[in-house]
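Each chain, letter by letter, is given below.
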Protein chains: 2
Amino acid sequence: MAGVAVGTVSRVLNDNPTVAEPIRCKVHEAVARLGYQLDPVAQSMRGNRSRLVACAIRDFDIPRFGTFIREAEQVLRVAGYTLLLSSTTNSPAVEVALLRAFESRKVEGVMMTVSDERNAEVLAALARAPMPVLAIDRDRLPGIDRVAADHRSGAVAAMAHLLELGHRRIAMLVGDTRAFPSRSRVEGFRQALAAAGVAPQPRLLRDRVLTAEDAFRETMALMNLPEPPTAIFVAAMDMLGGCLRALRQLGSQVGRDISLVAGSDSELAELHEPPVTAISWDLAAMGRHAATMLLERMGSAEVEVGRSLLLPTQLVIRRSCRAP
Amino acid sequence: MAGVAVGTVSRVLNDNPTVAEPIRCKVHEAVARLGYQLDPVAQSMRGNRSRLVACAIRDFDIPRFGTFIREAEQVLRVAGYTLLLSSTTNSPAVEVALLRAFESRKVEGVMMTVSDERNAEVLAALARAPMPVLAIDRDRLPGIDRVAADHRSGAVAAMAHLLELGHRRIAMLVGDTRAFPSRSRVEGFRQALAAAGVAPQPRLLRDRVLTAEDAFRETMALMNLPEPPTAIFVAAMDMLGGCLRALRQLGSQVGRDISLVAGSDSELAELHEPPVTAISWDLAAMGRHAATMLLERMGSAEVEVGRSLLLPTQLVIRRSCRAP
DNA sequence: GACATGATATGAACCGGTTCATTATAGGGC
DNA sequence: GCCCTATAATGAACCGGTTCATATCATGTC
């Protein structure tokens, strides 16, 4: 329709400078009249521009993680990318398979949460991946950018708060320590105890708390100890519900019989009676930064690899803690 | 490597019956040895099998909607499909654009929530779409399958509960009535009032409550009325938080000064003090059914179009309501 | 006026499969 | 022994772009 070769059209639409203004105009006009648009599938065939970015996380059901995805998707959409979503179900095998699937779909960038940062197969798959990968809330990994929250400082602040109130038997419910968030929370927990000269009691530290049921069971077990804790740091992502359910069933009142700090903030923590002191960070900013950093890495090879952004956490003090 | 033509390899891998057993074996062996796998991009080029299913919803941040996505994704993954996610930001223009983008990516099936079921452009785009579309929690639309919850019956049950306790000034906070959930909740609200012979008061029905801030503001306004309601039906998806925040600020105690029913269940409703009576339905089943129905439609043209699955809702009675 | 130069447009190969018309082969019927 | 048919494998066109070597042409230089 514009009376030019297909290659010329391709160059016009890709803003290739080697095409003169009059022809450029004619092509744009024809494109507008035909409502013509490039086929992304064909584009990813010869060229390698699929305009696809993948995000793989443990489970979409993690509350408030939707905020992360919403913001990341928005940044990506504005940049002309489409988001591919998969859940890893916390399995290294699935993670490796997903990376292969993303590669075969010519995905241009990946953001993900690896379930086990020490797993050799996953690390090998990450090193092999031809597209940049950004780790979400994970430790620094060689050659990989990351965006994470400073859970260690958050845990230190939470523990300092409890220790200052006079607590000495402080229990902790935490998730899988093979991943960064739980690992750094435990670090913060130990660091704060050490700084206060309090000997840590192994039986008060419960890890691998992954579901609400786990949290319920472990809270029950803790409170039935001969010397039950006077405070609980529910550090695992969104396990507050299970813990509160157990305390309610035991007739133990939060803020009077037991002090409580949540490792991540939620509407539940805010609106519970009494409101629960919690560690908070900006998930929306996390999503925006993750998408932005990934796009930057995708856009130019000059950006140095292995960038790390550690978002600050803050302790929101409410009414769930008092002196034992 | 197998000493056959590329076309033959293609036929073997697509289980085309016109290839003899010995050759079939040789090809499979070579495939295994080379770790060869078909390129989905090339497949979607000539053939039309992108193995992509898209899901577009208003906002990923809707709590518990992650459950829907998790289950749907699982069903799709098992069937060999990858999920493409986009948010519509509740804008018809974005919805139309997304349908076009999905088409150009040769997406094989779409599940989505249209923001306005009467919008002519969106309806036209849906009719034009070459791939099957399934509506999530929306009304029956011509030629489109749907999976929805029975919000009308849920609202009737909630209202019957309040009316039976003796409430007559019952307020309702509801979302956008251009979409099925809010519209059917209002229907149920009116139907229950009519059945009880109670005249509806327009000022007690607040629609377009879309954000937590809206819910906060409308609750404030309602309680400052000369004759404030004795009960509130917080029908909008997850606006319970905003409403509770307002009541707390007003010093109005739930279950004593004001009765409350939530239109959708949540951990907040369950663990609030007092726990909030709520309408509940199975979002996990909804996700599974949506994915399954869509796959069935994609798989065979014989499945009749316009199938409708209405999931039951149930009223979970807790301790947020008493006689006025 | 011949020739090198730079700027533009073209044509064709290419990406990795799918699909179909065509050919080669084997088997069966008369 | 010949023809017909069914079956199995092949080769090439095709999908819709991208990319690069090549062709064309106007301009500048000596």
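Reading guide: rules and limits
Residues numbered from 1 in each chain as written. Chains lettered and ligands numbered in written order. Predicted model: local features only at pLDDT ≥ 70, side-chain atom pairs only at ≥ 80, totals over all residues. Heavy atoms only, no water. Core = buried A, V, L, I, M, F, W, Y, C linked by side-chain atoms within 4.5 Å. Buried < 20%, exposed > 50% of the residue type's maximum accessible area, 1.4 Å probe, protein only. Contact = heavy atoms within 4.5 Å. Helix = DSSP H or I, 4+ residues; strand = E, 2+ residues; numbered from the N terminus. Pairing = 2+ DSSP bridges. Buried area = accessible area lost by both parts, 1.4 Å probe. Salt bridge = Lys/Arg side-chain N within 4 Å of Asp/Glu carboxyl O. Polar contact = N/O pair within 3.5 Å; in protein donor to acceptor, adjacent residues only side chain to side chain. Nonpolar A, V, L, I, M, F, W, Y, C, P; charged D, E, K, R; others polar. Right-handed = clockwise from strand over helix to strand, strands pointing away. Phe/Tyr/Trp six-rings, centres within 6.5 Å; stacked < 30°, edge-to-face > 60°. Lys NZ or Arg CZ within 6 Å of the ring centre and 35° of its normal.

Draft legend 1. Here's a closer look at the nonpolar core. Met111 of chain A together with Met111 of chain B are the most contacted members of the largest nonpolar core, which totals 58 residues. Each residue touching Met111 of chain A, except ones within four places of it in the same chain, is listed here: Val53, Ala54, Cys55, Ala56, Phe68, Ala72, Leu76, Leu134, Ile136, Ala290, Ala291 and Leu294 of chain A. Within the second largest apolar cluster, 50 residues are counted, among which are Leu204, Val234, Ala269 and Val276 of chain B.

Draft legend 2. Highlighting the pairing of strand E2 (residues 82-87) of chain B. Counting buried positions along E2 of chain B gives six out of six residues, so the element sits mostly inside the fold. A two-sided burial pattern is seen for E2 of chain B, the buried positions comprising Thr82, Leu84 and Ser86 of chain B on one face and Leu83, Leu85 and Ser87 of chain B on the other. Of the pairings in the sheet, the one linking strand E2 (residues 82-87) of chain A to E2 of chain B comprises three bridges and is antiparallel in character. Counterpart to Leu85 of chain A in the pairing with E2 of chain B is Leu83 of chain B.

Draft legend 3. Seen up close, the interface of chain A and chain B. At the interface, 44 residues of chain A touch 44 residues of chain B. Roughly 4100 Å² of surface becomes buried between chain A and chain B when both sides are summed, with 49% attributable to carbon and sulfur atoms. The largest share of the area that chain A buries against chain B comes from Arg105, Arg248 and Leu271 of chain A, three residues that together contribute 17% of it. The interface formed by chain A and chain B holds twelve salt bridges in total. With its nearest N and O atoms 2.8 Å apart, the salt bridge here joins Asp39 of chain B to Lys106 of chain A. Scanning the region where chain A abuts chain B turns up 32 residue pairs in polar contact (both at pLDDT 80 or more). Put simply, the parts of the chain that give the side of chain A that touches chain B at least two residues each are helix H3 (40-46), helix H4 (65-78), E2, helix H5 (92-104), helix H10 (240-250) and helix H11 (267-271) of chain A. Of the residues assigned to the side of chain A that touches chain B, the class counts are 15 nonpolar, 13 polar and 16 charged.

Draft legend 4. Structural context of the pairing of strand E8 (residues 231-234) of chain B. All names here are of chain B. Residues Ala231 and Phe233 point to one face of E8 and Ile232 and Val234 to the other, with burial holding for every one of them. With four bridges joining them, strand E6 (residues 170-173) and E8 adopt parallel strand pairing. From the neighbouring strand, Ala171 faces E8, where its bridge partner is Ile232. Two elements, E8 and strand E9 (residues 259-262), share four bridges in a ladder whose sense is parallel. Bridging across to E9, Ile232 finds its partner in Leu260. Running through helix H10 (residues 240-250), the crossover from E8 to the neighbouring parallel element E9 is right-handed.

Draft legend 5. Focus on the packing of aromatic side chains. Residues and elements named next belong to chain B. On inspection of all chains with the given rule, the structure shows two aromatic pairs over all chains. Its end group placed over the ring of Tyr81, Arg51 keeps NZ or CZ at 5.0 Å from the ring centre. Lying across the ring of Phe180, Arg146 places its NZ or CZ 4.9 Å from the centre.

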